[in-house]
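Here are the chains, one letter per residue:
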Amino acid sequence: MWYRVIEIVEWFGDLTERYRLVRDFNRAAKMSFVSGIAPTLLEAKITMGESAYRHEFSKWLAGGFRIKALAGRPLSKSELIELGRVVLDNKELVRKLVSLGWDTLEVHSNEGYNGAKWALKDHADLGGYLS
Amino acid sequence: MAQNGLLRIMQTLVDTSHKSTAVDTTSSKVLDDGIANEAVYQNGWLCVLIISLLAGLLIIYILNRRKSATGLEALKRQNIDMENVMFDIHRSRELYNELKVKCHPDRFIGLDKMQQAEKIFQELSDNKHNYLKLLELKERINNEL
């Protein structure tokens, strides 16, 4: 019985961690936009994610980490890729995302229908070490 | 649930103390030893129970604190510096473009600093999206090249 209790506690713990990460991201994005560091306002959201990118630790129906850029115009493909690459190059962040149950990174602008998505497990340098 | 249990314990403590005082006041000369002893016995057990409960909670708190301070839990709870991530997203590209011109090896052909420039340029390419690292490299470029 006790392991069930521990599982439930861990589940809630992970949920808190996930929301904390999203909240921290949004807060930092808001502050950088207000202070003039960032020209666009970014917003992180939890989405369903891509089923093809799922891994063993994926959360059910909540495996997508979407970054939405409020740029006021559709972002070009290179801009979307650049934004995604910056996040994917931060190995610590990618590993944290993977361990907290995210499997897909999505980048979208608030206008237009284009977006980009990556499988996080391909960029987490699994089996390697953090430098 | 735990709060209800504690409330009940407190209630019984208050009841027993009332009972013992009532016994003391009504029979001023002859004290009913049996009732008084029972009350003392109950109070003693309740005190032991409360103390052991508090000790248990204290031990759990200390163990959790130690675990979170040193173990993997600490790593898990460690927050990622999102301000740096924002700088990486918005400022790193600009800085990288500025620095790659400054330390491009083609500018140092035939000079002593060629090798150093190549090394720094390589490092620059590896940390294209790391704003803090780029700032460090900027300082190195200013000092060494």
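Let me begin by describing the structure that accompanies this report. Position labels on residues start from 1 in each chain and follow its written sequence. Chain letters and ligand numbers both follow the written order, the letters beginning at A and the numbers at 1. Local features are withheld for residues below a pLDDT of 70 in this predicted model, meaning they are given only at 70 or higher, and side-chain atom pairs are given and counted only at 80 or more; totals for whole chains, interfaces and linings count all residues. Side-chain numbers come from the whole structure's heavy atoms, not from hydrogens or water.

### Looking at the pattern of salt bridges
Residue and element names in this part refer to chain B.
Then comes step 1: Within this document, salt bridges are pairs made up of a side-chain nitrogen of Lys or Arg and a carboxyl oxygen of Asp or Glu, the two lying within 4 Å of each other. Considering all chains together, one arrives at twelve salt bridges over all chains under this definition.
Then comes step 2: A salt bridge links K138 to E98; the nearest nitrogen and oxygen atoms lie 3.9 Å apart. In this pair, K138 sits in helix α7 (residues 131-144) while E98 sits in helix α5 (residues 92-102), placing the two residues 40 residues apart along the sequence.
Then comes step 3: Linking K133 and E136 is a salt bridge whose minimum nitrogen-to-oxygen distance equals 3.8 Å. In this pair, K133 and E136 both sit in helix α7, three residues apart, roughly one turn of the helix. Put simply, DSSP marks the helices as runs of H or I at least four residues long and the strands as runs of E at least two long, and each gets a number from the N terminus on.

### Description of the sheet that holds strand β2 (residues 64-70) of chain A
Residue and element names in this part refer to chain A.
Then comes step 1: By the convention used here, strands pair only if DSSP detects at least 2 bridges between them. Reading across the sheet, the four strands line up as β1-β2-β3-β4 and stay open at both edges, with mixed pairing between neighbours. Where the open sheet ends on each side, the last strands, each with one partner, are β1 (41-47) and β4 (115-119). If you compare each strand with its neighbour and ignore which way they point, the axes differ by 20° on average.
Then comes step 2: In this structure, β1 lies alongside β2, joined through seven bridges in antiparallel fashion. Bridge assignment links L42 to a residue of β2, and that residue is A69. Only C-alpha atoms enter the line fits that serve as axes; for helices the fit covers just the stretch in contact. Angles between N-to-C directions range over 0 to 180 degrees.

### Brief notes about the side chain of S58 of chain A
Residue and element names in this part refer to chain A.
Then comes step 1: Structurally, the position occupied by S58 is in the loop between β1 and β2.
Then comes step 2: Here's how the labels work: a residue is buried when its accessible area is under 20% of the maximum for its type, exposed when over 50%, partly exposed in between, all with a 1.4 Å probe on protein chains only. The class for S58 is buried, based on a relative accessible area of 13%.
Then comes step 3: There is a polar contact of 2.9 Å between the side chain of S58 and the backbone nitrogen of H55.
Then comes step 4: Here a polar contact means two N or O atoms within 3.5 Å. Within protein one must be a hydrogen donor candidate and the other an acceptor candidate, and residues neighboring in sequence count only if both atoms are side-chain atoms. Within the structure, S58 has its side chain in polar contact with the side chain of D103 (distance 2.7 Å).
Then comes step 5: Contacts between residues were defined by any pair of non-hydrogen atoms, one from each residue, lying within 4.5 Å. When sequence neighbours within four positions are dropped, the list of residues in contact with S58 reads G101 and D103.

### Regarding the nonpolar core
Then comes step 1: F25, L42 and F65 of chain A are the most contacted members of the largest nonpolar core, which totals 33 residues.
Then comes step 2: Broken down by secondary-structure element, the contributors of at least two residues to this core are α1 (2-34), β1, β2, α2 (77-89), α3 (91-99), β3 (104-109) and β4 of chain A together with α4 (82-90) of chain B.
Then comes step 3: For F25 of chain A, the contacting residues outside a window of four places in its chain are L42, A44 and I67 of chain A together with M82, V85, M86 and I89 of chain B.
Then comes step 4: In this description, a nonpolar core means a group of buried Ala, Val, Leu, Ile, Met, Phe, Trp, Tyr and Cys residues linked to one another through side-chain atoms lying within 4.5 Å. Among the nonpolar cores identified, the runner-up in size contains eleven residues, and L99, C103, I120 and L137 of chain B belong to it.

### Focus on a nonpolar patch on the surface
Residue and element names in this part refer to chain A.
Then comes step 1: A grouping of M1, W2, V5, I6 and V9 is seen on the molecular surface, where their side chains present a nonpolar patch of about 590 Å² in accessible area.
Then comes step 2: Within the element layout of this structure, M1 appears in the segment before α1.
Then comes step 3: Here M1 falls in the exposed class, since its relative accessible area comes to 74%. Excluding any residue in a salt bridge, patches collect residues exceeding 30% relative accessible area, merging like charges within 9 Å and nonpolar Val, Leu, Ile, Met, Phe, Trp and Tyr side chains within 5 Å. Using a 1.4 Å probe, accessible areas were evaluated by the Shrake-Rupley method; residue-level cover was limited to the displayed protein chains.

### A look at the environment of H55 of chain A
Residues and elements named next belong to chain A.
Then comes step 1: Counting through the fold element by element, H55 comes out in the loop between β1 and β2.
Then comes step 2: Residue class for H55 comes out buried when judged on its relative accessible area of 11%.
Then comes step 3: Placed 47 residues apart in sequence, H55 and W102 show a C-alpha to C-alpha distance of 8.8 Å.
Then comes step 4: The residues touching H55, leaving out its near neighbours within four places in the chain, are V98, W102, D103 and K121.
Then comes step 5: A polar side-chain atom of H55 sits 3.0 Å from the main-chain amide nitrogen of F57.
Then comes step 6: Polar contacts involving the side chain of H55 include one to the main-chain carbonyl oxygen of W102, which spans 2.9 Å.

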